[in-house]
Structures are given as structure tokens and as C-alpha cells.
Amino acid sequence: MKSWTSIADNRLLVDEFRQRLAAARLRLARLAAITDADLETLAVRESREAAEDAAVGTVGDLLARLQGQERLELEEIEAAQERLEAGEYGVCEGCQKPISLGRLRTAPAARICTLCHVKAEALE
Ligand SMILES: [Zn+2]
């Protein structure tokens, strides 16, 4: 018996994680925002759900300023967005089993399940 609903098969979950990843991306953009104009850009972007216009590029400009740990975090988020759109999201890269929803809700860009994460930490 399949006790797990694959995220890719569940429209509501795909939508949920699409929003969570987009929010995580905007949170990083906010870290890079320095001037009032930057913050204005983000306010506009957040108030328009489906803005596909120039504002998207401006958020990209903010994200391009990120460095170090924050840049890595952004790359992980964007990789997760690609997995989500490819229908591969939420599967552990270590053991190929589903990553729990609880873990994904805490860390939406997670590539591995809690068990593999603990094992990896123990090896370090
Ligand atoms: Zn695993």
C-alpha cells in the first residue's frame, strides 16, 4: 500500500511548495535590499501575485548581489524550484525515499531526508 502521496502528483502540494520556495527567494532578495528603492521594488513584487513583468528582473538584480552563504542558499532554492517543476521534488537524493512534508515545510530546499541528513552529519 502506498502510504505516501507524491508531491508531484498533488496539485495542492505543488502549489504550496511553489509558494514556499518563492517566499524563500524573496526573503533572500530582502537581505540584499539596501536602498529605499530596493525595498519599494520588493513591496511592489509582493503585492502583485503573478507579476511577470520587469519587476521580476529587478528582484533578480537584487539576488545577483548575494554572496557567500546567502548565494548558496539561493542556488539551493532555485534548484528546488527546478525539481518542483520537473516533478522530482521531495525525493531524497540519498535513499530515493520521500522527504517528509514536515522537513520540507521547515526547509523547502532540502535535497535529502532527515535520516540521510543525520547520517551525513555523523560522518563529518
Ligand atoms: Zn534519505
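Residues numbered from 1 in each chain as written. Predicted model: local features only at pLDDT ≥ 70, side-chain atom pairs only at ≥ 80, totals over all residues.

**Q** Describe the overall build of the protein, listing the residues and the values that go with them.
**A** Within the protein, the secondary structure is distributed over six helices and zero strands. Going residue by residue from the N terminus, the α and β elements of the protein occur as α-α-α-α-α-α. The burial tally for the protein puts 17% of its 124 residues in the buried class. At a minimum sequence separation of 6, the contacts of the protein that also span at least 24 residues come to 48%. (Helix = DSSP H or I, 4+ residues; strand = E, 2+ residues; numbered from the N terminus. Buried ≥ 20, exposed ≤ 12 C-beta atoms within 10 Å, placed from the backbone. Contact = placed C-beta atoms within 7 Å.)

**Q** Describe the packing of helix H1 (residues 11-32) against helix H2 (residues 36-47), listing the residues and the values that go with them.
**A** Interhelical geometry of H1 versus H2 gives an angle of 165° and a closest axis separation of 10 Å. Considered as vectors, H1 and H2 are oriented roughly antiparallel to each other. Relative to H2, H1 is oriented so that their crossing is left-handed. Within the contact between the two elements, H1 uses Leu-26, Ala-29 and Arg-30 and H2 uses Leu-42, Arg-45 and Glu-46. (Axes fitted to C-alpha atoms, helices over the stretch in contact; angles between N-to-C directions. Parallel < 35°, antiparallel > 145°, perpendicular 65-115°, else oblique. Left-handed = near helix turned anticlockwise from the far one by under 90°.)

**Q** Could you give an account of the environment of Gln-81, naming the residues involved and the relevant values?
**A** Along the chain, the position of Gln-81 falls in helix H4 (residues 68-86). Measuring from C-alpha to C-alpha, the distance between Gln-81 and Phe-17 comes to 8.6 Å, with 64 residues separating the pair along the chain.

**Q** Provide a residue-level description of the environment of Leu-62, including the pertinent values.
**A** Here Leu-62 lies in helix H3 (residues 54-63). Note on Leu-62: 21 C-beta atoms within 10 Å, which makes it buried. In the structure, Leu-62 is positioned 31 residues away from Leu-31 in sequence and 8.8 Å away in space, judged by C-alpha atoms. Setting aside chain neighbours within four positions, we find Leu-62 in contact with Ala-29, Ala-32, Ala-33 and Asp-38.

**Q** Mind laying out the nonpolar core, listing which residues take part and the relevant values?
**A** Of all hydrophobic cores here, the largest spans 13 residues; its most connected members are Phe-17, Leu-21, Ile-77, Ala-80, Leu-84 and Tyr-89. If you list the elements that add at least two residues to this core, you get H1 and H4. Of all the elements, H4 adds the most residues to this core, at four residues. (Core = buried A, V, L, I, M, F, W, Y, C linked by C-beta atoms within 7 Å.)

**Q** A description of the environment of Glu-16 should follow, citing residues and the corresponding values.
**A** You can see Glu-16 is positioned in helix H1. C-beta crowding within 10 Å serves as the criterion here: with 16 such atoms nearby, Glu-16 is assigned to the partly exposed category. Sequence spacing of Glu-16 and Arg-105 is 89 residues, and the spatial spacing of their C-alpha atoms is 9.3 Å.

**Q** With reference to specific residues and values, describe H1.
**A** The first and last C-alpha atoms of H1 sit 32 Å apart over 22 residues, in line with the 32 Å expected at 1.5 Å per residue. When H1 is considered as a whole, its buried residues turn out to be Phe-17, Leu-21, Arg-25 and Ala-29. Within H1, the buried residues cover an arc of 125° as seen down the axis, which keeps them to one side. When the buried face of H1 is taken as reference, the exposed residues oriented beyond 90 degrees from it are Leu-12, Asp-15, Gln-19, Ala-23 and Arg-27. (Expected span 1.5 Å × (residues − 1). Arc of directions from axis to C-beta.)

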